[in-house]
Amino acid sequence: MRRPIRIAVTGAAGAISNNLLFKIASGEMMGTDQPVIMQLIEVPGRMEALRGIAMELEDCAFPLLHTITLHDNVEEGFENIHYALLIGAYPRGPGMERRDLLEMNAEIFARQGKALNDFANRDVKILVVGNPANTNALIASRNAPKLSPSQFTALTRLDHNRAKGILANHTGANPKNISRIVVWGNHSTTQYPDLHHATILDEPAMQQISEEWYRSVYIPKVQQRGGEIIAARGQSSAASAAQAIVDHMHDWVLGTSPGEIVSMGIFSDGSYGIQKGIVYSFPVRCDYGRYQIVKGLEINEWGLQQMRLTEQELLDEKSAVNHLLPTATAASHEDLSICLRSGVTLYADGTGPQASSKYLTTNRVL
Ligand SMILES: NC(=O)c1ccc[n+]([C@@H]2O[C@H](COP(=O)([O-])OP(=O)(O)OC[C@H]3O[C@@H](n4cnc5c(N)ncnc54)[C@H](O)[C@@H]3O)[C@@H](O)[C@H]2O)c1
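These numbers come from a predicted model, not from an experiment.

Caption draft 1: Just the sheet that holds strand β7 (residues 178-179), in detail. What the three strands build is an open sheet, ordered β7-β10-β11; its pairing is antiparallel. Where the open sheet ends on each side, the last strands, each with one partner, are β7 and β11 (203-204). The pairing of strand β10 (residues 199-200) with β11 spans two bridges and is antiparallel. Bridging across to β11, T199 finds its partner in P204.

This is the structure we're talking about:
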C-alpha cells in the first residue's frame, strides 16, 4: 500500500462535493491502491453541515480513506497538501453583474493562491472549479509566486464530457468509441467544442454528422448545457461536475490513454496564437503527472474565429480584475519557459540543457 496523499477540497459541504468526496474516497480518482487524507474546507457557517458529510464518509468505511480533517480557513486546510480542488466560490446572486461576481471571487481566490503558496506542498497540483473558473485560476496563480503557473488548472472537462455525451447520443455511438474531441477557451457559453479532429470508431466524426447540425444545433447545445440543466433541475450540475473533476485529476496524475486527447484549462504558452497570461482550455495529453499541449492540429478559418471569440472573453475578464493581480508575477505568467518544474531550468533566452538532451528541452508544461 502506498503512502497517503493529502487532498484539500474547498466548498466541501456543497452540491458538487456531496457527489465528489465519495468517489475520491473509493479510489475512483487517484487509483484503488492510493490511500487519501481529505482536508475539507468550508465557510464557518457551514461547518456543521460539513461535520455531517464527514460522518457519512466515515460510515462508508472506505478502506482507502486514511483521515478526514475539517477546516474553516484555507491557511490551515492547505497545510502540506499534494492536491487542491477549489470548488467553493461566491455564487452569482440576483441583480449581480458579471463584474461584481468576478470581484467577489477575486478576493477569495487571491487568498487561496497566497495560502497555497505558503502552506501547500511545493509540487501541489491545483484544479479550480468555482466560477468563473478560468479567471479564478489566473487570480490564484498570480498570487502564488513560489509555485509554477503550470500547477494551476481550470475545469473544462465537464464541457469536454458533455461534448462527447451529446455526440454519442446523436450518432448512436458508445462514448468509449469517441476520441479526440477538443473544447477550446473559456468555461462559458463562448467555449468552442471542436469536432474537426474527433473520431468515432476511428473514422472522422465530421463525416458522420452534417455541418448544419454541428454548427446550428450541436455547438449551441454544448455551450448552453449548463444553463439548460439549471432550468430543468433548479440547481446547477453537480454529479456530472463531480465526474468531470475525477476525470481531470485522474488523467493529469495517472495519464491519458494512448492516442487520446482531453481538454484542460491551463496557462497559454502562446500555442495556436492564443495570448499568453490567460487560462485557456487546450487539447492536452498527460503522462508522468504532466500535461502537454497537443500541437499542430489544423484549424480552419471559421474555427479560428471561434477560438478568438472565447480568447477575447478571457482577456476581458482579465482586464476586469487586473487591478487585483500582483504585478510582480506578471512576467512569470507571460513566459512559462522560465518557470517549468522539470528538475531542469529552461530559460527564456534558450540557454539551459543541451540540444542533445532532447527530452529535457521539450517545451513541456509540467
Ligand atoms: N467549471 C465547471 O465545469 C463547473 C461546473 C459546475 C459548477 N461549477 C461551479 O462550482 C462552484 C460550486 O458549485 P456547487 O454546485 O457545489 O455550489 P454550492 O453552492 O452547492 O456549494 C458551494 C459551497 O462552497 C462553500 N464556499 C463558498 N465560499 C467558500 C470559501 N471561500 N471557502 C470554502 N468554501 C466556500 C459554500 O459554503 C458552499 O457550501 C460554483 O461556483 C459553480 O458555478 C463549475
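Caption draft 2: Seen up close, helix α10 (residues 301-321). With 21 residues, α10 extends 31 Å between its outermost C-alpha atoms, agreeing within 8% with the 30 Å of an ideal straight helix rising 1.5 Å per residue. Along α10, the positions that sit buried rather than exposed are Q306, M307, T310, E311, E313, L314, E317, K318 and V321. When α10 is viewed along its axis, its buried side chains cluster within an angular range of 150 degrees and face the same direction. Exposed residues lying more than 90 degrees from the buried face of α10 are E301, W302, Q305 and S319. Residues of α10 that are buried sit in contact with α4 (98-119), α5 (133-142), β8 (182-184), β9 (192-194) and β13 (279-287).

Caption draft 3: Expanded view of the site of the ligand. The full set close to the ligand counts 27 residues, and G11, G14, A15, I16 and G88 are the nearest of them. Its residues placed into classes, the shell around the ligand shows 16 nonpolar, nine polar and two charged. Lining the shell around the ligand are residues from two domains, each supplying at least three of them: domain 1 (5-154) and domain 2 (157-314).

Cut-offs and rules
Every residue gets a number counted from 1 within its own chain, in the order that chain's sequence is written. Predicted model: local features are reported for residues with pLDDT of at least 70 only, side-chain atom pairs are reported and counted for 80 or more only, and whole-chain, interface and lining totals are derived from all residues. Pairing between two strands requires that DSSP report at least two bridges joining them. Strands are runs of DSSP state E lasting at least two residues, helices are runs of H or I lasting at least four, and both sets are numbered from the N terminus onward. Expected span of a helix, by definition, is 1.5 Å for each gap between consecutive residues, and there is one gap fewer than residues. Partly exposed residues are those whose C-beta has more than 12 but fewer than 20 other C-beta atoms within 10 Å; 20 or more makes a residue buried and 12 or fewer makes it exposed, with C-beta atoms placed from the backbone. An arc is given here, and it is the one of the directions from the helix axis to the C-beta atoms. What counts as a contact is two residues whose backbone-derived C-beta atoms lie within 7 Å of each other. A molecule or strand has a residue near it when that residue's C-beta atom, placed from backbone coordinates, lies within 6 Å of it. All residues other than Ala, Val, Leu, Ile, Met, Phe, Trp, Tyr, Cys, Pro, Asp, Glu, Lys and Arg, Gly among them, are scored as polar; the first ten of these are nonpolar and the last four charged. A domain assignment, automatic or from a database, supplies the domain bounds used here.

These results come straight from atomic positions and should not be treated as a statement about function.
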